[in-house]
Structures are given as C-alpha cells and as structure tokens.
Amino acid sequence: MEINASTQNDITVLALQGRLDGLASPQLEQRLDALVAAGTRKVVLDCAALTYVSSAGLRVFLGGAKKLKSAGGRAAFAALTPAVHEVFELSGFLEVLAVHPSAAAAAASLA
Amino acid sequence: MSPAVQLLPLTSSLDEIPRLADAVEAFCEPLAPGPRDLHALQLALEEAVTNVIHHGYGGRPGHTFTVELRREDRRITAVLTDDAPAYDPLARPEVDVHAPLAERDIGGLGVHLVKKLMDSAAYERRDGRNVLTLARNFAPTAP
C-alpha cells in the first residue's frame, strides 16, 4: 500500500496504490487521523490505482468519512476500479459515501 | 483441466494476509482470472482468516491452521480448517447495508461480503475442528 498526498488549495488528495487489506489499513487510518487533527477538512481518496479492499479497508474509509463529517468536513472517493466498485456496492457504500468518476470530479465536488 | 490441490499452512498473524493473497493469485493463475474473480476470492479468504485469528484464537499469535485450495475446471474451492473453539462465522446476523452513514457499523460486513461474493459457503464442526468451505465459479476466460 502506497499513499501519495498532494494538495489543491484546501483540498488534500490521497492517491492510494496497491492493496488496502487488514495489514495495510492501519497505515491509512493513521494518515487520515493525522490530517483531521492538523485541520484538513476536505479529502479526496483517489482509488484509481487501488487494486484491492477488504472490510478492514472499508472500515477505515467509513471511519474517515465519519470523522471528517463530524469535524465539519467531507471526504470524496474517486475512480474506483471494477473490483473495488463491486465491494462498495455490495456494502451499501455507494449510498453513504460520495463516489466520483475521477479525482478531478471529486475535488470539484469539495470546492 | 486436471484438478489441482494446494495446502497452505498459516499462523495466527495478520502478516499472513498478503502472503495468502499471493498464493491464491499464483494458484488461480492457470485460469487467467478476471480481476473481480480474483478479488472476490482473496477478499473472502482474508475475511475468513481474519475471523479465525481474531475470534477463533483471540488475536493471539503462535496458532497454526490451514487453507486448502482446490481447482476443478473454473471452480475454486477453499477449505479453512482450524482447531479453535467452535465458531460459525456464517451464523452472524445479517447487516443492514442500507443504513445511513451515522448509523453504519462495520461489524459483520466481512461475513456479508463473503456470502455475497462466494457461490457457496458452508461451516461445519468436524472432529473438534472448524471447517469453513468457500467456493466460487470463475467467469469464462475472455476470448
């Protein structure tokens, strides 16, 4: 799991690469917690290169979205691969998380 | 294609998850699987193995259990066998995947995904062991 961060104005984009499994998910959880603690309120999770997610990764996605929301912020998810999209769909996450076709569209939704 | 079988010994550590994923990918490689089939099987095994480690062995390291992979035509069967106290992960109550964000709890979601992504899932207690059998029929190879 690789996480590459970039910022556009007040939006932080985390580009996730590889596998978000039970071993890797604490790394993303810590990253999101640190961002919220540092005052970031708008986060794009770019999943274009995310090849795998399990329930452990979904838990971190959900927790991150909840923490941002309770801090007055928002999370937007972008560019799900077909396998990751299927898992979002089966979990009902397409109904509760903001999912966009591209990182640019996700960032625009937070602007 | 002739049936193939592989037995993977595992220990009760989350470090095994990526190793198991690699082994599953290598085992399925002769089928040239699509990404959704491979993802589904890897996810189901991660959820099942995580359940064994957390619920079966209480998160304690040093226990060993096995995953047996079988390949028959385009059907992949995985059999998890562990000697932890009796525990049927499939007996968990169904989760509400349509609850609003604030009420969403991730508990039970792994088992929900296993049931949705596998063509069959069955648990039995046999000879003092938990035996979980998961199977998925892989889609035909793209022409």
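Residues numbered from 1 in each chain as written. Chains lettered and ligands numbered in written order. Predicted model: local features only at pLDDT ≥ 70, side-chain atom pairs only at ≥ 80, totals over all residues.

Draft legend 1. How the structure looks around the packing of helix α1 (residues 25-37) of chain A against helix α2 (residues 55-70) of chain A. Residue and element names in this part refer to chain A. At a minimum axis separation of 9 Å, α1 and α2 run at an interaxial angle of 5°. Here α1 is positioned roughly parallel relative to α2, judged by the angle of their axes. The segment α1 lies against α2, with Ser25, Leu28, Glu29, Leu32 and Val36 engaging Ala56, Gly57, Val60, Gly63, Gly64, Lys67 and Leu68. Per-class residue counts for the contact of α1 with α2 are six nonpolar, four polar and two charged. (Axes fitted to C-alpha atoms, helices over the stretch in contact; angles between N-to-C directions. Helix = DSSP H or I, 4+ residues; strand = E, 2+ residues; numbered from the N terminus. Parallel < 35°, antiparallel > 145°, perpendicular 65-115°, else oblique. Contact = placed C-beta atoms within 7 Å. Nonpolar A, V, L, I, M, F, W, Y, C, P; charged D, E, K, R; others polar.)

Draft legend 2. Inspection of the environment of Ala65(A) at higher detail. Looking at where Ala65(A) falls in the secondary structure, it is placed in helix α2. With 24 C-beta atoms packed within 10 Å, Ala65(A) lands in the buried category. If we skip the residues at most four places from it in the chain, Ala65(A) touches Ala75(A), Leu97(A) and Leu101(B). (Buried ≥ 20, exposed ≤ 12 C-beta atoms within 10 Å, placed from the backbone.)

Draft legend 3. Focus on unusual backbone geometry. Here the phi dihedral of Ala79(A) falls at roughly 60°; this positive angle occurs in a residue that is not glycine. Within the fold, Ala79(A) resides in the loop between β4 (74-78) and α3 (82-91). Of note in the backbone geometry, Asp127(B) takes a positive phi value of approximately 50° without being a glycine. With respect to the element layout, Asp127(B) can be found in the loop between β4 (120-126) and β5 (129-137).

Draft legend 4. Highlighting the interface of chain A and chain B. Every contact between the two is made by 21 residues of chain A and, on the other side, 23 residues of chain B. Within the residue set of the side of chain A that touches chain B, elements represented by two or more residues are α2, α3 and α4 (93-96) of chain A. The residue inventory of the side of chain A that touches chain B, partitioned by class, reads ten nonpolar, five polar and six charged.

Draft legend 5. How the structure looks around helix α2 (residues 35-56) of chain B. Residue and element names in this part refer to chain B. Between its first and last C-alpha, α2 extends 30 Å over 22 residues, near the 32 Å set by a 1.5 Å rise per residue. For α2, a buried count of 17 out of 22 residues is recorded, marking the element as mostly surrounded by other parts of the structure. A positive backbone phi angle near 60° is found at Gly58, which sits one or two residues after α2. (Expected span 1.5 Å × (residues − 1).)

Draft legend 6. Inspection of the pairing of strand β2 (residues 64-72) of chain B at higher detail. All names here are of chain B. In this structure, strand β1 (residues 4-11) lies alongside β2, joined through eight bridges in antiparallel fashion. Each residue of the ladder has a partner; that of Leu8, found in β2, is Val67. The pairing of β2 with strand β3 (residues 75-82) spans seven bridges and is classified as antiparallel. When the sheet's bridge partners are listed, Leu69 is paired in β3 with Ala78. Hairpin geometry of β2 and β3 is characterised by an intervening segment of two residues between the two adjacent antiparallel strands and by a positive phi of about 50° at Asp73. (Pairing = 2+ DSSP bridges.)

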